[in-house]
Every structure is written in structure tokens, then in C-alpha cells.
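A closer look at the structure
Residue strings, one per chain:
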Amino acid sequence: MNIVVCAKLIPDPAAPQSFDASKNLERSGKLILDEADTYGVEMALQLVDAAGGGEVTVVSMASAADVAGLRNALAMGATRAVVVSDDRLRGSDALTTAKVLAAVIKRQSFDLVLAATESSDGYTGTTPVQLAQLLDLPSITFAKSVTVEGREAVVARQSDQGFDDVRVPLPALITVTAGVVEPRYASFKGIMSAKSKPLEVLTVEDLSLDSDVGAAGAGQEIIAIDAVESRSSGEKYVDDGDGAEKIVAFLESIKVL
Amino acid sequence: MALSTLWVLGEPSEASVSAPSLELVSRARELASDVAVVSWGVGADRAAVVGQYGATTLYDVGDLGDALAGVPVAAAIAALASTRGAPDAILIPASYDGRDVAGRLSVRWDRPVLTNVTGLVDEGGLVSEHPVFGGSLTVRARFSGDGPGIVVVRPKSFVAEAVGGGPAQVVAAPAGDVGAAGSARVTASHVEARSGPALEEAAVVVSGGRGLGESSGYALIEQLAELLGGAAGASRAIVDAGWVPYSHQVGQTGKTVKPTLYVAAGISGATQHMVGMKGAKNIVAINKDPEAPIFQIADLGIVGDVHKVLPALIAALQARK
Ligand SMILES: Cc1cc2nc3c(=O)[nH]c(=O)nc-3n(C[C@H](O)[C@H](O)[C@H](O)COP(=O)(O)OP(=O)(O)OC[C@H]3O[C@@H](n4cnc5c(N)ncnc54)[C@H](O)[C@@H]3O)c2cc1C
Ligand SMILES: Nc1ncnc2c1ncn2[C@@H]1O[C@H](COP(=O)(O)O)[C@@H](O)[C@H]1O
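Below or above, wherever it landed, is the structure these notes cover. Owing to the predicted nature of the structure, the values given are computational and were not obtained by experimental measurement.

So, on to the site of ligand 1. As a structural note, the neighbourhood of ligand 1 is formed by 26 residues, with B:Ser235, B:Val250, B:Thr253, B:Ser268 and B:Gln272 the closest of them. Of the chains in the model, those with residues near ligand 1 are chains A and B. In this structure, an oxygen atom belonging to ligand 1 sits 2.8 Å away from a main-chain N or O atom of B:Arg210. With respect to ligand 1, the side chain of B:His273 contributes an N or O atom lying 2.8 Å from an oxygen atom. Alone, ligand 1 offers 990 Å² of accessible surface; in the complex the protein occludes 82% of this. Mapped onto the shell around ligand 1, the elements with two or more residues apiece are helix H6 (236-240) and helix H7 (271-274) of chain B. Of the residues in the shell around ligand 1, the class split is five nonpolar, 16 polar and five charged.

Shown next, in the form of C-alpha cells:
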């Protein structure tokens, strides 16, 4: 069982975010592995274990040179990582990202591709399905559990009412929601061995792409970023045993009671 | 150039199309002269409903059997566009199947998707508005190059308004070529039990977060919601922790709610949570940390312990009954 996991490097979401001069999210600082993708890595490790063996390859696209965050996935137990790291990718839209990831993934054989339902910084939530279409793969999005039975994946997929059981023949692409598995912490041994695991860094030239990448290839543009008038806060009280009364009075004033 | 033709993905829902689909039909009608809905499924008289909201044509993809919608619906839309001409843009509700259709169609048309859209205006071409950084900024974007736009819009961005049009003309959509990608099959559907109104429709939403301490604390949220005739919601932290099902999640990756009253108990007010509830008319927050960001948008803030304030509130409301 060989699994490819898409994993994105993002600016630390806990740090203040801003836009750069060309209206893209500022990514020049330190980049970390998107927590949303640690679920995919964990799921892949568990599925390979359950299948009795196989490889987990992490693929990524980044416009910055700092790709060290991928070592975290290797420290968790992934076999290798391949990252397309190229300044020219700056400003790429999700479709271009999917084209780049597809070109990387096509270089190897696999049974399953995993991704997160959405990234923590871009959260377009479309890259994985675009990738599936480019690779001519069936896909199941919003998986809250995944198992493999023979040559089929069995997935519980979130729905408006609850969830659906969905089956798909392999190879396929599946996106996993947060909380689907508990990502393991890298052990000391894992961290040490990650240092010698293969982390291949590619540029745009190394891939045969037949369309423009980066902002030039994007079919969309940001025309403005405007501040929104902030919602003002009302009254704030410290509860002295009278908090509930204050709420009741407020509910009466807005005629909910 | 003004917009002439907009298509809307009309996601089937019980007897008709989903409420978010109708919101998009209403907005499309204001922006373009010619509005068509693309829908699928069997049994419902969707032509009458979408016609009432202003669509003139209903492209019917028909019965998908047990297939997931994304692949066959995108294939049908691509086939429709090549036989009848592509629209200026297709508006798609941000839902599970909606996002699948958008991604599949994006590759077929070789066009990008604008997602997380909460506003659409015509400025000699379609301009979309996207809240970022928890809604403190709005990004305005548009498509460049040739070809139709694909726009994925968050629910509750527009108001659905019936204008009393006659039934839309039903046109069978040609089945597109699905290839190997169409092989995912739904084998069973599970409905999670719910009492009270649906989260998205409730006039009152009471949500709890990690500040409840443990999963049993959520009973206070359910009790309060019931007393106020509302629905119980949650932050992602406690959905991920497994305290409550995902269907309760409010926020960027969960539901968007716009109730008359939103009560946030033990919720810090992360940007991704606030983007799903900022549109509430009145917000009450209970949090023991006076610096919690949720207080910045609360009309009434109570700095206190949920385990003291909520039981007292529940008792006070019970006493009034
Ligand atoms: C891509 C992405 C998407 C996301 N989507 C969503 C989403 O859709 N919805 C969502 O909610 N989150 C979402 N999040 C997560 C979000 O960033 C926060 O982590 C989450 O909202 C925090 O939940 P919380 O407020 O319950 O927990 P915390 O942030 O841990 O806050 C708990 C609060 O409870 C207070 N508290 C503790 N004890 C008590 C007590 N006894 N009485 C009163 N108050 C108490 C604390 O002061 C604190 O403010 C997303 C994150 C990412 C990266
Ligand atoms: N640049 C990237 N490199 C690797 N994976 C990515 C990249 N962009 C998106 N993905 C994958 O697609 C998911 C959804 O991303 P998005 O479309 O940005 O919401 C992410 O969580 C990743 O799993």
C-alpha cells in the first residue's frame, strides 16, 4: 500500500497575518507544516500499517525556500518528501497548485492520495478535487473515517444530516477532516531518523508543465483589500452572582423573552 | 460589459433545492437578465420553485443513482456549456457536493474557482467579496482571462426572495463523460438525531466551547438552547475533541448562522469561529477571561465561569415558565 499525502507549508497561524505588496498572503517568514495535514499523514501511516507495509510519500508545493517543516512529517514516520520550491510559484491559484502537485504525483505509483479538506491559510478547499480531476481519479471529500478493504476504500463522509457510507475502488483521492485521527507526536528517534530521510527539492523546470505558474498563470486577481467596519462591543460585566440576571434583562430588552 | 447569463447550482434538498441555492438564484436574478439553474435528482417539482425565485431555465441532470454528485454533475455542466454556450459564471453554494462540483468543473474548463465568497457585485464584470482575518478585512477579487467564472458562495450571504415567476422551462442536460473518476458509490446514509430547530434556521443559537471543561458540560448548552427555543452549536475545538457531532460546528469550516441571538459560552472567539456567527443580530458572551476576543463583538459580555452563570440562567428561565 503506497500512499501520497499532500501537505502544505504555511505561515504560523498563531502569528499575526498580513498581505504583501502584491496582495498575496505574506509568506516570507518561517513556514510550518499545516496542522490540517498532520491528520492526512497520521491516516496514511495507520493505513500502511494496517495493510502490512508500504510507503508514505509527502508532496508539497511552496513559493519559499524554507521547507524544513516537512521534516515534521518525516519525523512522524513518512518515508520521504518531495517539494516543489520555487519563487516563481508565488501568487499561484489553487488550480495551478493542483497542476504542480499532479505533475509531482504522476512521477510515482500509488494506491491512494490523501489531503486535508482545506488548508489553514488559503482554505479554498478546492485544490484536492482539482488534483483528483487532473489525475483522473475518483474522490471522496470530507472523510471522517477511512478503512481499506481489498482494493476498495470505505469512507464515512460528512453530510448535512449526518454522514454517508461511501466506497471507492483504488487508486483514489480522499480528503480528511480535522479530528479524524489523533496525529502522533514525533518521537526523539523519529526526529533523529527524519534528518537522514530523503527530502527532494524540485523547481518548476524539473516538471513538465504546459501552462504558466505563479501570478502570471492565475485566472483570478485581487483588486482591493478593504478594512471592514468592526462590530462594536456593548457592555461587559464581571459576574458577581448577578450574571444570569444581566442576561435575562438583556434578553427581555431584545424581546427574546 | 454587463453580465448576461448566470447559472446557479441548485442542490437538491427534500422537495426542492436547498435554501443556499435559492439565495444564489435571488442574487443572480439581480445581476443578470438570464438565470438558469442546474439541478439533479428525482421526484421534486424544482422547476416551479426555482421559477418563483426568478430562474427561467432548469437544466435537469436527472437521477444520479448512488453516485456522488461531483463528477457526473460537473461533466453534465461542461457538456451543457459546449452545446448551449457557457454562462458568464456559475454560482455554487459552499456545501459538500457544491465544492466537489466546483473543483471538477474547474479542471474541465481550465478556470480557477473563487471560494469563500460572501458578496457579489457587477462592476463591468463579476467582482467577488471574501472576508479574511476573521472578517476584519474584505478581499475583492475578479476573474481574469477568458472563460466562465466559477464562484463558491457561503450560505446566508444573500437573502432568498420569491418574485413570483412562472415555472422554469425544464431542459434535460446531456450526460457528460465521467470516465474512471465517477466510480465512488454511496452505500448508505445516516441521519443524526436532532431535536429543536436546525442550526442554520434557528432564531436563537446557544454555542459552547472548550471552556465547558468536559463533554458532560455540553448538557448546559442543550438545556439553555431548549429553554430559548433555539439550536445548540459548538466551536471546532469541542467537535474535534469528539464531545459533539460535526453538524453542530459554527464557523469557517462549519455552519454560518445569522440568528436574532447568539450565545457563546466558554468560546474564545477565534477568527475562524467569528466568521460563522458575526452576522448575528445580538451576541451574548460568557467567558472567564476578560481579554477573550469574543468580548470585542459581544453586545453583552459576562466575565464569569460558565459553570456558575449557565446553571443560574437556566434556573431563572425555568422559574419564568
Ligand atoms: C482552517 C481552520 C478552520 C477552522 N474552522 C473553525 C470553525 O469552523 N469553527 C470554530 O469554532 N473554530 C474553527 N477553527 C479553530 C479555531 O481556530 C479555534 O481553535 C477554536 O474556535 C477554539 O475553540 P474554543 O473557543 O472552544 O476553544 P479555546 O480557544 O480553547 O477557548 C476556550 C475559552 O474558554 C474560556 N474558559 C475556560 N474555562 C472557562 C470557564 N470555566 N468559564 C468560562 N470560560 C472559560 C477560556 O478563557 C477560553 O477563552 C479553525 C481553525 C483552522 C486553522
Ligand atoms: N501548496 C500545497 N502543497 C501541498 N498540498 C497542498 C497545497 N495546497 C493545498 N494542498 C492540499 O490541499 C488541501 C486543501 O487546500 P486548499 O485548497 O488551499 O484549502 C490542503 O490542506 C493540502 O492537503
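From this point, the narrative continues.
For helix H8 (residues 306-320) of chain B, built from 15 residues, the straight-helix expectation of 21 Å at 1.5 Å per residue is met to within 8% by its first-to-last C-alpha distance of 21 Å. Among all positions in H8(B), only B:Val306, B:Val309, B:Leu310, B:Leu313, B:Ile314 and B:Leu317 are buried. Viewed along the axis of H8(B), the buried residues span an arc of 125°, placing them on a single side of the element. With respect to the buried face of H8(B), the exposed residues turned more than 90 degrees away are B:Lys308 and B:Ala319. The elements touched by buried residues of H8(B) are helix H7 (243-253) of chain A together with helix H5 (218-227), strand S16 (261-265), strand S17 (282-287) and strand S18 (300-303) of chain B. Of the residues that open H8(B), the one with a side-chain oxygen 2.8 Å from the backbone nitrogen of B:His307 is B:Asp305.

Rules and cut-offs
- Residues numbered from 1 in each chain as written.
- Chains lettered and ligands numbered in written order.
- Predicted model: local features only at pLDDT ≥ 70, side-chain atom pairs only at ≥ 80, totals over all residues.
- Heavy atoms only, no water.
- Near = heavy atom within 4 Å.
- Polar contact = N/O pair within 3.5 Å; in protein donor to acceptor, adjacent residues only side chain to side chain.
- Areas by Shrake-Rupley, 256 points an atom, 1.4 Å probe, with all protein chains shown as cover.
- Helix = DSSP H or I, 4+ residues; strand = E, 2+ residues; numbered from the N terminus.
- Nonpolar A, V, L, I, M, F, W, Y, C, P; charged D, E, K, R; others polar.
- Expected span 1.5 Å × (residues − 1).
- Buried < 20%, exposed > 50% of the residue type's maximum accessible area, 1.4 Å probe, protein only.
- Arc of directions from axis to C-beta.
- Contact = heavy atoms within 4.5 Å.

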